[in-house]
Every structure is written in structure tokens, then in C-alpha cells.
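Residues per chain are reported as follows:
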Amino acid sequence: MFNLTFAKDFLLHRLKSKNRHGLHSPFVYRLVDEVIYDKKPYPAYDSIEYQRDHLLVDDRHITVTDLGAGSHVNNNKQKKISDITLNALKPPKLAKLLYRLAAFTKPTNIVELGTCLGITTLYLQAAAPDAKVYTLEGCPQTAGVAKDVFDKAGVKGISIITGNFDDTLPGVIAGLDKLDFVYIDGNHQRDATLKYFEWCLPKVHEGTMLIFDDIYWSEGMKQAWAQIKAHPDVTATVDLYWIGLVFFKPGQAKENFLIKV
């Protein structure tokens, strides 16, 4: 049932979405033209995908603690690192897009909910090497693998915070004057997603980008995405099907965009 619903949503998105042509917002046109459709091979891509390649052949087992909505592929608690890499990590195309979005935003701080094995975190850190990166993970053993990945990549300046997001996210937000770039990829449930969104609102500004992952994951996630789009503080959203981008730009007419990727 899930696969049929997911396929139907994807088809409808493809039928309704636009490319860069026909966009009347200069900001969104630039975002689509210069970032979303950017095909340049940035040097960071190869070094980070090298780390993914090592994880794809790592046959060690870890015990996964899942505090969110779980997996549509494998909910076994004992999982091979190679299987997690194959089934749970963002594919290269999407991870590279997140790199470009972070580079476009030029953040001084990045908050990621859902470290997993750390590949996406490496992309975000590489896109903004001077930013302070906080990555939150609910599973201690998964976070441990991610730390090893960061060490092997020679990357410093990433703070891994382990625990339930309900306990860890408020402290991270409280410690920052503002939120520049927030990527929410964990606990794919309606109420949790809306709660994290509401917690972020006091610290957003006109340059903030919030990214919500798997906005078509379930009926609950679709409901959460609809409520986020309708929020009065939100001035623009970009629905890329796999992820949704949220902006807060005073003076801009409210508009929601569906873009083909």
C-alpha cells in the first residue's frame, strides 16, 4: 500500500511541478537555476563518496535504537552497516543537492536532526566549512559509526549530540542566537515534525532555510508539510518531493512552488 501511495504522489508531483521556466519569483528562479539544477562536479563530492564506498562494504552489525517512525525497508534492531548505508543514507544525488543548498545559504550554523552514519553531515560541513555544525542522533551506536566516519575523513568542528530529539534539540536552539540552516531528517511523524518546526520559529530570520525530509513519507508527514506551508510566518516553500524547503522573507508574497528534480 505504501509503495502504491508513494508512486501516486510522485506521479502527481511530476505532473504539477515546474522547472525554472515560468517562475515569477527572482529568488526562487535563482535558487532553481543556480543551485537545484547545478550539475558541476564539486571536489568535495568525490572525497565524501569515498567514505560512503567504505561503509557499503562494512559488514559489522550494530544495534539500532529507533526513536521515530522507523524504516519502510528494515525495522530489525540488529543491522549491518552496509545495509544501513544502502537503505537509509541519502543517495548521492540528494546529498549533493543538500551540499549546494548549504553553500547557497552561507550559514554560520547548521543543525541536522538525524545523523545516521554521517555522510550527509559531511556534505553539509564541506559546503560551509566555517559554520558550526550540530548533528543530533537518537541511536548511540549509529552516532558512534558517524564519529568514526568524521575521524577517517579528517573533519573537525562537528558536534554530535546523542539522545531523543525532544531532549536535545531545545538545548541546541537555546544556545544559538539565530538559526541559519536546519535539516530535519528524523522522527518522521506529524506531531514531532510540527513540534520541531515550532521550536525553530523564534530563532529564524530572513536568511534561514529549513529543510524537511520525506515530506511524502506518510499521510501524517503530508499533513505536517501542509500545515508548515500554511503557517503565517512562512513566505515561500519549495517542494522537491523528496525534501521541502522553507523560507522566511519579509515583504515577499506568500507562494508555494513545486519543482521537478
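The shown structure was predicted, so the numbers you read here are calculated from the model rather than taken from an experiment. (Residues numbered from 1 in each chain as written. Predicted model: local features only at pLDDT ≥ 70, side-chain atom pairs only at ≥ 80, totals over all residues. Heavy atoms only, no water.)

Focus on the overall build of the protein
Part 1: Scanning the protein from N- to C-terminus turns up 10 helices and 10 strands.
Part 2: Whereas a compact globule of 261 residues would reach a radius of gyration of roughly 18 Å, the protein reaches 18 Å, a difference of no more than 12%.
Part 3: Principal-axis analysis of the C-alpha atoms gives the protein an extent of 50 × 45 × 40 Å.
Part 4: Relative to its 261 residues, the protein shows a buried fraction of 52%. (Helix = DSSP H or I, 4+ residues; strand = E, 2+ residues; numbered from the N terminus. Rg over C-alpha atoms; globule rule 2.2 N^0.38 Å. Buried < 20%, exposed > 50% of the residue type's maximum accessible area, 1.4 Å probe, protein only.)

As for unusual backbone geometry
Part 1: At Lys 106, a position not held by glycine, the phi torsion is positive, near 55 degrees.
Part 2: Looking at the element boundaries, Lys 106 is found in the loop between helix 5 (92-105) and strand 3 (109-113).
Part 3: We classify Lys 106 as exposed; its relative accessible area is 66%.
Part 4: Although it is not a glycine, Tyr 241 sits at a positive phi angle of roughly 70 degrees.
Part 5: Mapped onto the fold, Tyr 241 is located in the loop between strand 8 (236-239) and strand 9 (243-247).
Part 6: By relative accessible area, which is 2% here, Tyr 241 ends up buried.

Comments concerning the side chain of Arg 100
Part 1: Here Arg 100 is to be found in helix 5.
Part 2: An unpaired buried charge is present at Arg 100: no salt bridge exists, and Asp 38, the closest side chain of opposite charge, is 4.5 Å distant.
Part 3: A distance of 3.2 Å separates a polar atom in the side chain of Arg 100 from the backbone oxygen of Ile 36.
Part 4: If sequence neighbours within four positions are ignored, Arg 100 has contacts with Val 35, Ile 36, Asp 38, Tyr 42 and Tyr 45. (Lys, Arg positive; Asp, Glu negative; His and termini not counted. Salt bridge = Lys/Arg side-chain N within 4 Å of Asp/Glu carboxyl O. Polar contact = N/O pair within 3.5 Å; in protein donor to acceptor, adjacent residues only side chain to side chain. Contact = heavy atoms within 4.5 Å.)

Focus on the packing of helix 3 (residues 43-56) against helix 6 (residues 119-127)
Part 1: Where helix 3 contacts helix 6, the two axes come as close as 10 Å, and the packing angle between them is 165 degrees. Here helix 3 is positioned roughly antiparallel relative to helix 6, judged by the angle of their axes. Note that helix 3 runs across helix 6; the crossing there is right-handed. Residues Ala 44, Tyr 45, Ile 48, Glu 49, Gln 51, Arg 52 and Leu 55 of helix 3 form the contact with helix 6, whose own contacting residues are Ile 119, Leu 122, Tyr 123 and Ala 126.
Part 2: Split into classes, the residues belonging to the contact of helix 3 with helix 6 amount to eight nonpolar, one polar and two charged. (Axes fitted to C-alpha atoms, helices over the stretch in contact; angles between N-to-C directions. Parallel < 35°, antiparallel > 145°, perpendicular 65-115°, else oblique. Left-handed = near helix turned anticlockwise from the far one by under 90°. Nonpolar A, V, L, I, M, F, W, Y, C, P; charged D, E, K, R; others polar.)

Side note on the pattern of salt bridges
Oppositely charged side chains can pair when the atoms bearing their charge come close.
Part 1: On inspection of all chains with the given rule, the structure shows 13 salt bridges.
Part 2: For the salt bridge of Arg 60 with Asp 58, the shortest nitrogen-to-oxygen distance reads 2.7 Å.
Part 3: A salt bridge links Asp 191 to Arg 190; its shortest N-O distance comes to 2.5 Å.
Part 4: Of the residues examined, Asp 191 reaches a relative accessible area of 53% and is grouped as exposed.
Part 5: Within the structure, one salt-bridge network assembled from shared partners comprises Asp 9, Glu 219 and Lys 222.

Remarks on helix 5
Part 1: The end-to-end C-alpha distance of helix 5 is 20 Å, a good match for the 20 Å that 14 residues give at a rise of 1.5 Å each.
Part 2: Among the 14 residues that make up helix 5, 10 are buried, leaving the element largely enclosed by the rest of the structure.
Part 3: The set of residues buried in helix 5 consists of Leu 94, Ala 95, Leu 97, Leu 98, Tyr 99, Arg 100, Leu 101, Ala 102, Phe 104 and Thr 105.
Part 4: Where helix 5 is buried, its residues contact helix 2 (26-36), helix 3, helix 6, strand 6 (181-184), strand 7 (209-213) and strand 9.
Part 5: One or two residues past the end of helix 5 sits Lys 106, with phi positive at roughly 55 degrees. (Expected span 1.5 Å × (residues − 1).)

Quick word on the sheet that holds strand 9
Part 1: Taking strand neighbours across the sheet as the criterion, the eight strands line up as 5-4-3-6-7-9-8-10 in an open arrangement whose pairing is mixed. If you trace the sheet from one side to the other, it starts and ends with strand 5 (158-162) and strand 10 (255-258), each paired once. Averaged over all pairs of adjacent strands, the angle between their axes in this sheet comes to 15 degrees, without regard to strand direction.
Part 2: Two elements, strand 7 and strand 9, share five bridges in a ladder whose sense is antiparallel. Bridge assignment links Leu 210 to a residue of strand 9, and that residue is Val 246.
Part 3: Helix 5 contacts strand 6, strand 7 and strand 9 of the sheet and is inclined by roughly 165 degrees relative to strand 7.
Part 4: Across the face of the sheet, helix 6 comes into contact with strand 3, strand 4 (132-137), strand 5 and strand 6 while running at roughly 170 degrees to strand 3. (Pairing = 2+ DSSP bridges.)

Structural notes on helix 10 (residues 219-230)
Part 1: Across its 12 residues, helix 10 extends 17 Å between first and last C-alpha, which sits within 8% of the 16 Å expected from 1.5 Å per residue.
Part 2: Listed in full, the buried residues belonging to helix 10 are Met 221, Lys 222, Ala 224, Trp 225 and Ile 228. On an axial view of helix 10, the arc spanned by its buried residues comes to 160 degrees, and they lie on one face. (Arc of directions from axis to C-beta.)

Distances and angles like these do not, on their own, reveal function.
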